[in-house]
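Chains, contacts and geometry: an overview
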Amino acid sequence: MANYWFELTRLTGKGCYAILVAVVLFASISIKALAQTPADVRLVVDISGSMKKNDPANLRQPAVDLLVKLLPEESKAGVWTFGQYVNMLVPHKTVDGQWAAQAQASSSDINSVGLYTNIGEALEKAAFSVNNATDDYQTSIILLTDGMVDINKNPDLNQNEWRRIADEVIPRLKNENIKVHTIALSENADTTLLNKLAISTGGKAAIAETADELMKAFLGAFDQAVPSEQLPLADNNSFTVDSSVEEFTALIFKQTKLAPAALIGPDESRYDATIAANDPDIKWHSTIDYELITVKRPLEGEWIVDADIAPDSRITVVSNLNLSVKPIPANLYTSEIVPLSAALQEDGKAITDLNFLRVLDVSTETFYEEERWVDRLSSQLPLDGIYQSELEYFSAAGEYKIVVTVDGKSFQRKSSYTITVRDAFATEIKAKNSDSNEFLLKVTPYLQTLSLKDTSVIARIKNPSGQSSITPLTLAKNDTWNLNYSAKEEGLYEVSFSIDMVDLDGQSSRYEPKPTTFSYPEGKFSEQSTQAEPAAKPSEPEEEKPEEEPKAKGTPWWVYVVIGIGNVIIIILGFIAYKLLSGSKSDDGLEEESDKKPEKKEKSKKKSDKKKPEKEAETAEPAATASSIMAEISDPDEPLAMADIGDDLDALISGSDDEVSSDDSASDADSGSDDDVELESSDEFVAEVDESDSDTADGMDISSDEGIGESIEDELPEAPLDDLDALLADATGSDDDPGEFTLDDIDPAADESKSA
C-alpha cells in the first residue's frame, strides 16, 4: 500500500499529495462520526391516578427494572416520576453496580397516586435540573404517560401550559440536542403533543395500546437511546462467540412463559439458573416473561439457547471488535432517502486492511410488513474501511426495520434500527359518539418546518347523493386543523383535503393527502377505496355475479312482460301470413280437383246435406267443421278472433298424434258457430277436419265420402289419422316430423312448388 502511494506521488507530483491529505482528513472525520457516544438516559414515568386503570398490574415496575439492568456501565442514567409534582426517584449518576442496585430497589416505589399530569415540568426537571447535556454523552429522555397536559381544573390554564410546552420547552430541548422518546399508554393520551415532542427532537414515538405491550415499547425506546452491538441469532437459536468477545448478555423472551430457559455451551455443558447461582462468571435473572443472562469470559464457539424464543430476543456483546454504524434517524417522511455508513472497528479505529476486508460479507436488510430488501455493501472494498449505501425503500408510511450484518467467517456482528415513516400530514375523521351524526375532521401536521399561521386547509366533502361542499378548517390552539361536520343523510361520505403549505422561509407548496371516507351511521356502510368514484367500483358480490347488476339498477317487471307479448304478436302475425298464403293455395287445388271429379264432389255434398238435419235435431247448435274453419282462416275479408288464431297456432305447433274422442267433438259442437268459430285446443281442431278440406292435403286422395259420411251420422267419430297427418304435413312442410313452427317456414316459393 505504501509503495503504491509512493509511486503515485512520484509520477504526479505534489498535487497527488494534496489529494492524499484530503482523503485522509475526510476518512478521519467519517470515522469520528461513526464513533459510539456513551448514553445518558433519563426515565420520566407518569404516576397519575389514571394509571390505575391503564396499567392495573403496574407493569411499569418490571419495565423500568429491565431497562436498568440493560444499561451499560459507564453510561449515565436517572429516574423521575410525576403527577402534580415531579420527584427524582433515582439520582442521575454514572451507571455502576451501586447505582443499579439502588435503581432496582427504587423501581418498586412506582405507583399511581398522582393528582394531575404535569408533563411540562417533568420534562424540564429531567432535562435541565441536573448536569446539562454535553457532547461527551448522547442524552435521551424516555417519557411514559397515559394522559393529557393537566395541571389544573381550569381548562384555559391547561391549554396555556400546552402552548408553553410547544413554544418554549420543545425548542429548548432541540437546542440542547436532547432526544425525547415518548410512549403513550392509552388512546386518551395526547398523541399530538407526544408526536410533536418526538419528531421535533429526533426521538421515537410509540403507542402501547395495552399494558402487555408496555415492555416492547420501553425496549424499542431503549434501543434508540442506547444502540447495542449484537450477535446474529440463527433459526436454530444458535449464536457464535469469537475470541474478541469479553462478555455477552442474552435477553430471551419466552413464548411459553413458565418454561425455564437454558444455555448449551460449545463444550455441550448446560447452564441454567441453578448452576449460574454457583458460577461467578454468570448472572441469571428470571421472570415470567423473560430471562436475562450475562456470561463473562465465555467459551469460544457455538452456543445454543434451549428455549421457545419469542420475538425481540437478542444477544448483545462487549468486545474490542465492534460494528459501528452512523446514527440512523428515527423519523422519516415518505420517499426520503437514508444514507448509511458502517465500519468494523478494532479498539475504536476503523479496520482498513484490505486483506481483512476481503473476507467480510457486509449487508443490510430492510423490512416493511411482508417485504424485504437486501443490499450487499461489500461488493466494493472501501479504502477507508467505511461501507456506504443509500436506502430508498421508504415510499409508504409505517414502521421499518433496518438490520446491518457483518459476517467474518470466524465472527459475526449485527446492529438493528427501527424507523417510523410518516406522511407530511395525518388526517383523522371520527364521530363524537356511536349514535351521533356529528363528526370531527382533523388534520395534524408532522412537518416541523411549517409556518402554521400561514398554512391553510380546506375539505371537499361529497355526500351519499353525490353533492359536494367545500369548507375551510380552523387552526386550533393545539396546532391541528379541525372541522365539525353534521351528516344529514345516511350513507358513505368521501372527504378530500387540500393543504396550501408555507414553510418558515416563506416558500409555498400544495399537498393533497389521499382521500378518505366515513359512514353515517358509523360502521353501517362499508368504506371503499377513494382513488376513483365509489359508484364506478362495484363491490365484491357484484364482481362475482355481474348478471345481477340490472336488478340492482331496478329494471321494472313490466318491461319483461311487454317483451314477451311482443314476441307472441310477432309469432301470431307470422302465422296469419302463413295461413293466408297456404289457404289460397289450398283453394286453388280444391277447385282444380273439383273440376276433375264433379260427380264425387256432388255426391259428397248431397250426403252431407242429407244427414245435416238429423244432426241439428240432436244438438242445439251445429258443430264447426274443418272446412268452415279453413274457410274463415283463408278468407282475408273475414276478421279473425284472437282466440281462433291462438288455438290454431296451438294445434299446428303441438303436432299431437292422439285421437280425438267423440265427447271432444260434442263439446266442440256446443261451443262452435257458423259465423265465429273458437277452437279451444289442438285436439278439437283435429277432430273436425272433414274430407272437403283434406282431400288434396300433401297429394293424398281422401276425396271419397265413404266412411266419413257414415261417421257423421254417429256421434262425431274420430277423425282419420291420415287426414291429420296430411294436414300437419302440409302445415310444416315435412312428412316425417311436423317439427316446430318458425317464421322461416313461410316460403311462398316452396308453397307454389308444392301446390303444383
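If you're wondering where the values come from, they're calculated on a predicted model, not measured in any experiment.

Next up on the list: the overall build of the protein chain. On a plain count of helices and strands, the protein chain comes out with 23 helices and 33 strands. Going through the 756 residues of the protein chain one by one, you find that 43% of them count as buried. For the protein chain, contacts bridging at least 24 residues in sequence account for 72% of all contacts bridging at least 6. Here the protein chain displays about 40500 Å² of accessible surface, and carbon together with sulfur accounts for 50% of that area.

Let us now look at the packing of aromatic side chains. Using the criterion set out here, one finds 14 aromatic pairs in the structure. Judged by centre distance (5.5 Å) and plane angle (35°), the rings of Phe425 and Tyr511 are tilted. Of this pair, Phe425 sits in strand 25 (residues 425–431) while Tyr511 is found in strand 32 (residues 508–511), placing the two residues 86 residues apart along the sequence. Looking at Phe425, the relative accessible area reads 4%, which means it is buried. Taken together, the ring pairs in this structure connect Phe239, Phe248, Tyr271 and Trp303 into an aromatic cluster. Across from the ring centre of Phe128, 3.7 Å away, lies the NZ or CZ of Arg172, which sits over that ring.

So, on to the pairing of strand 18 (residues 338–346). Counting buried residues in strand 18 gives 7 out of 9 residues, a clear majority hidden from the surface. Pairing analysis gives 5 bridges linking strand 16 (residues 321–325) to strand 18, with the strands arranged antiparallel. Across the sheet, residue Ser324 finds its bridge partner in strand 18, namely Ala343. Pairing geometry for strand 18 and strand 22 (residues 386–391), over 6 bridges, is antiparallel. Bridged to Ala343 within strand 22 is Ile386. Across 2 bridges, strand 18 lies against strand 19 (residues 349–350) in antiparallel orientation. Residue pairing across strands places Gln345 opposite Ala350, the latter belonging to strand 19.

Here we take up helix 9 (residues 214–225). The end-to-end C-alpha distance of helix 9 is 17 Å, a good match for the 16 Å that 12 residues give at a rise of 1.5 Å each. The buried count for helix 9 comes to 10 of 12 residues, which makes it a mostly enclosed element. Residues Leu214, Met215, Ala217, Phe218, Leu219, Gly220, Ala221, Phe222, Gln224 and Ala225 constitute the buried set of helix 9.

Helix 6 (residues 119–128) sits mainly inside the fold: 7 of its 10 residues count as buried. Buried residues of helix 6: Ile119, Gly120, Ala122, Leu123, Ala126, Ala127 and Phe128, and no others.

A few words on the environment of Lys196. As for its position among the elements, Lys196 is in helix 8 (residues 191–201). When the C-alpha atoms of Lys196 and Thr182 are compared, they prove to be 9.8 Å apart, with 14 residues separating the residues in sequence. In this structure, Lys196 is in contact with Trp162, Ala166, Ile170, Gln448 and Asp479, ignoring residues within four places of it in sequence. A polar contact is formed between the side chain of Lys196 and the side chain of Asp479, at a distance of 3.3 Å.

Further remarks concern the sheet that holds strand 8 (residues 238–241). Taking strand neighbours across the sheet as the criterion, the 4 strands line up as 8-14-10-11 in an open arrangement whose pairing is antiparallel. Each of the sheet's edge strands pairs with one partner strand only, and the pair in question is strand 8 and strand 11 (270–271). One ladder, built from 3 bridges, connects strand 10 (residues 262–264) with strand 14 (residues 301–306); its direction is antiparallel. Counterpart to Leu263 in the pairing with strand 14 is Val305.

Mapped onto the secondary structure, Thr455 falls in the loop between strand 26 (438–445) and strand 27 (456–462). Side-chain polar atoms of Thr455 contact the backbone oxygen of Ser451, separated by 3.0 Å.

A cluster of like negative charges, contributed by Glu187, Glu209, Asp212 and Glu213, occupies part of the molecular surface. Mapping Glu187 onto the fold places it in the loop between strand 5 (179–184) and helix 8. By relative accessible area, Glu187 is classed as exposed at 76%.

Another aspect to go through is the nonpolar core. Ranked by internal contacts, the top residues of the largest apolar core, which has 42 residues, are Trp99, Ile183 and Phe218. Here this core gets 8 residues from one element, more than from any other, and that element is helix 9. Sequence-distant contacts of Phe218, that is, excluding residues within four places in its chain, are made with Ala63, Val64, Leu67, Ile142, Leu144 and Ile183.

With that settled, consider the packing of helix 4 (residues 60–70) against helix 5 (residues 97–106). Interaxial distance between helix 4 and helix 5 falls to 9 Å at its minimum, and their mutual angle equals 175°. By the angle between their axes, helix 4 is roughly antiparallel relative to helix 5. Listed contacts from helix 5 to Asp65, Val68 and Lys69 of helix 4 are Trp99, Ala100, Ala103 and Gln104. A breakdown of the residues in the contact of helix 4 with helix 5 according to their chemical character gives 4 nonpolar, 1 polar and 2 charged.

All right, on to the packing of helix 6 against helix 7 (residues 155–175) then. Contact pair helix 6 / helix 7: the axes reach a minimum separation of 10 Å and the direction vectors enclose 20°. Overall, the two elements helix 6 and helix 7 adopt an arrangement that is roughly parallel. The handedness of the crossing between helix 6 and helix 7 comes out as left-handed. Along its contact with helix 6, which presents Ile119, Gly120, Glu121, Leu123, Glu124, Ala127 and Phe128, the element helix 7 presents Glu161, Arg164, Ile165, Val169, Arg172 and Leu173. In terms of residue class, the contact of helix 6 with helix 7 is made up of 7 nonpolar, 1 polar and 5 charged.

Before going further, it helps to spend a moment on the sheet that holds strand 25. Across the sheet, 4 strands lie side by side as 25-26-30-29; this open sheet has antiparallel pairing. The sheet is open, and its two edges are formed by strand 25 and strand 29 (474–475), each paired on a single side. Examined bridge by bridge, strand 26 and strand 30 (residues 481–486) share 6 bridges and lie antiparallel to one another. Its bridge partner lying in strand 30, Lys442 is registered against Asn482.

In summary, the side chains of a regular strand alternate between the two faces of the sheet. Counting buried positions along strand 24 (residues 412–422) gives 8 out of 11 residues, so the element sits mostly inside the fold. For strand 17 (residues 331–333) and strand 24, the ladder comprises 3 bridges, and the chain directions are parallel. Pairing of Asn331 across the sheet is with Thr420, part of strand 24. Bridge analysis of strand 23 (residues 398–407) against strand 24 gives 10 bridges, and the strand direction is antiparallel. Residue pairing for strand 24: Tyr400 is matched across the bridge by Ile419. Hairpin connection from strand 23 to strand 24: 4 residues lie between these consecutive antiparallel strands, with Lys409 at a positive phi of about 70°.

The tally for this structure, following the rule as stated, stands at 20 salt bridges. Two residues, Asp167 and Arg163, come together in a salt bridge whose shortest N-O distance is 2.9 Å. Taken as a pair, Asp167 and Arg163 lie in helix 7 at a separation of 4 residues, close to a single helical turn. Residue class for Arg163 comes out partly exposed when judged on its relative accessible area of 25%. Linking Arg510 and Asp500 is a salt bridge whose minimum nitrogen-to-oxygen distance equals 2.7 Å. Of this pair, Arg510 sits in strand 32 while Asp500 sits in strand 31 (residues 491–502), placing them 10 residues apart in sequence.

About the thresholds
- Residues numbered from 1 in each chain as written.
- Predicted model: local features only at pLDDT ≥ 70, side-chain atom pairs only at ≥ 80, totals over all residues.
- Heavy atoms only, no water.
- Helix = DSSP H or I, 4+ residues; strand = E, 2+ residues; numbered from the N terminus.
- Buried < 20%, exposed > 50% of the residue type's maximum accessible area, 1.4 Å probe, protein only.
- Contact = heavy atoms within 4.5 Å.
- Areas by Shrake-Rupley, 256 points an atom, 1.4 Å probe, with all protein chains shown as cover.
- Phe/Tyr/Trp six-rings, centres within 6.5 Å; stacked < 30°, edge-to-face > 60°.
- Lys NZ or Arg CZ within 6 Å of the ring centre and 35° of its normal.
- Pairing = 2+ DSSP bridges.
- Expected span 1.5 Å × (residues − 1).
- Polar contact = N/O pair within 3.5 Å; in protein donor to acceptor, adjacent residues only side chain to side chain.
- Patch = residues over 30% accessible without salt bridge, like charges linked within 9 Å, V, L, I, M, F, W, Y side chains within 5 Å.
- Salt bridge = Lys/Arg side-chain N within 4 Å of Asp/Glu carboxyl O.
- Lys, Arg positive; Asp, Glu negative; His and termini not counted.
- Charge placed at Lys NZ, Arg CZ, Asp CG, Glu CD.
- Core = buried A, V, L, I, M, F, W, Y, C linked by side-chain atoms within 4.5 Å.
- Axes fitted to C-alpha atoms, helices over the stretch in contact; angles between N-to-C directions.
- Parallel < 35°, antiparallel > 145°, perpendicular 65-115°, else oblique.
- Nonpolar A, V, L, I, M, F, W, Y, C, P; charged D, E, K, R; others polar.
- Left-handed = near helix turned anticlockwise from the far one by under 90°.

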